[in-house]
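# Structural description and commentary
The lines below spell out each chain.
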Amino acid sequence: MKVVILAGGLGTRLSEETTLKPKPMVEIGGKPILWHIMKYYSKYGFNDFVICLGYKGNLIKEYFINYYTHNSDLRVDLNNNEIKIIAPSKEQFKVTLIDTGLNTNTAGRIKRIKDYTDNNTFMLTYGDGVSNINLNDLYNFHKEKSRLVTLTTVQNPGRFGNLKLDERGIVTSFQEKPEGDNMWVNGGFFVMEQGIFDYLEEINVDDVQWEKGPLLEIAKNNQLAAFKHLGFWKPMDALRDKIELEEYWNKGDAPWKIW
């Protein structure tokens, strides 16, 4: 099964990093977050990736073109101009890199990779977030519900502490960064059928966000299922998120590291 990864956005909210590289190439523990996402899927046996490129997509291409040498031990004989691989990388990734346009919105990017999905069910995720979702359970749920699309829904943790005050202005309760406000949000990690491309035939689809256009129509037609995930989920939207993910990794307790 193909895994499509949206990796073409500008990443403006993480401009401290993305002025020089696309957001999927921002590193956590010395490896691009894109690599972390792919390693996670690979652990479940999903190794065939289609990556939707846009902003600075050439850097992602160069990363994979040179992946073998950058991630293997080498012996270089400068006298004889020879390079020998001592301990080769053992990744099983198969990567298709598609330029889906610099300014194309997400619906248009998905439309452009139709021919690379083998006319079959495929998975899709964003190139800037990690989770410990059980991908087998997600897929089985999708098949059970028999809808065009299944998305993973999560309860986003609160970012600020909650206060309750009495009429005098005295705090009666305080909760630092509550676990959620009971609102379920889109966490990505989709499973999709080929029928979704029928919703991407509009002329202006390149200007449309997947979540604000086609996905709304799919939901209106009762073709959208939601798989509830109560575990770890973290998008890298801003610098504070990158720092938090780095802390997980450096402490050795990154929830998404299952390999």
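As shown above, the structure is provided for reference.
Below, the structure is looked at part by part. (Residues numbered from 1 in each chain as written. Predicted model: local features only at pLDDT ≥ 70, side-chain atom pairs only at ≥ 80, totals over all residues. Heavy atoms only, no water.)

## Examining the environment of phenylalanine 93
Spelled out, the test is: Numbering of helices and strands runs from the N terminus; a helix is a DSSP stretch of H or I covering at least four residues, while a strand is a stretch of E covering at least two. A 1.4 Å probe rolled over the protein chains alone gives each residue an accessible area, and that area as a share of the maximum for its type sets the label: buried under 20%, exposed over 50%, partly exposed in between. Every residue pair with non-hydrogen atoms within 4.5 Å of one another is taken to be in contact.
Here phenylalanine 93 lies in the loop between strand 6 (82-87) and strand 7 (94-99). Note on phenylalanine 93: relative accessible area 17%, which makes it buried. Residues phenylalanine 93 and asparagine 47 lie 46 residues apart in sequence; the distance between their C-alpha atoms is 4.9 Å. When sequence neighbours within four positions are dropped, the list of residues in contact with phenylalanine 93 reads Trp35, Met38, Lys39, Ser42, Asn47, Phe49 and Tyr67.

## Considering empty space enclosed by the protein
What counts, and what does not: Throughout, the protein atoms alone are placed on a 1 Å grid, and a set of points is a cavity if a 1.4 Å probe fits but cannot get out or a pocket if it is open with protein on both sides within 12 Å along at least five of seven lines; lining residues have an atom within 4 Å of a point. Grid points are joined across faces, edges and corners, and a volume is the space filled by probe spheres set on the points. Residue type decides the class: Asp, Glu, Lys and Arg count as charged, Ala, Val, Leu, Ile, Met, Phe, Trp, Tyr, Cys and Pro as nonpolar, and the leftover types, Gly among them, as polar.
Counted according to the given criterion, the structure contains one cavity of 30 Å³ or more. In this structure, the largest cavity occupies an estimated 40 Å³ of space. If you trace the largest cavity, you find it lined by His36, Ile37, Tyr40, Tyr41, Gly129, Val130, Ser131, Phe189 and Trp256. Element by element, the count of residues in the lining of the largest cavity is highest for helix 2 (residues 33-43), at four residues. Taken together, the residues that form the lining of the largest cavity break down as six nonpolar, three polar and no charged.

## Observations concerning the pairing of strand 10 (residues 149-155)
Operational definition: For two strands to count as paired, DSSP must find a minimum of two bridges between them.
For strand 10, a buried count of six out of seven residues is recorded, marking the element as mostly surrounded by other parts of the structure. In this sheet, strand 13 (residues 184-186) lies alongside strand 10 in antiparallel orientation, the contact comprising three bridges. Paired with threonine 153 across the strands is asparagine 186, a residue of strand 13.

## Let's talk about a nonpolar patch on the surface
Spelled out, the test is: Any residue with relative accessible area above 30% and no salt bridge may belong to a patch, with like charges joined within 9 Å and the nonpolar Val, Leu, Ile, Met, Phe, Trp and Tyr side chains within 5 Å. Accessible areas in this description were obtained via Shrake-Rupley with a 1.4 Å probe; residue shielding takes into account the shown protein chains only. One speaks of a salt bridge when a side-chain nitrogen belonging to Lys or Arg is within 4 Å of a carboxyl oxygen belonging to Asp or Glu.
A grouping of Leu74, Val76, Leu78 and Ile83 is seen on the molecular surface, where their side chains present a nonpolar patch of about 420 Å² in accessible area. In this fold, isoleucine 83 is placed in strand 6. By relative accessible area, which is 62% here, isoleucine 83 ends up exposed.

## Some thoughts on the pattern of salt bridges
The final tally for this structure, using the stated rule, is 12 salt bridges. Between aspartate 118 and lysine 2 there is a salt bridge, with its nearest N and O atoms 3.7 Å apart. Taken together, the residues aspartate 118 in the loop between helix 5 (106-112) and strand 8 (122-126) and lysine 2 in strand 1 (residues 2-7) connect sequence positions 116 residues apart. Classification of aspartate 118 by relative accessible area gives exposed; the value is 54%. Lysine 2 gets classed as buried once you look at its relative accessible area, which sits at 10%. Between aspartate 241 and lysine 234 there is a salt bridge, with its nearest N and O atoms 2.9 Å apart. The burial state of aspartate 241 is the same as that of lysine 234; both residues are buried.

Nothing here speaks to function; it is all geometry.
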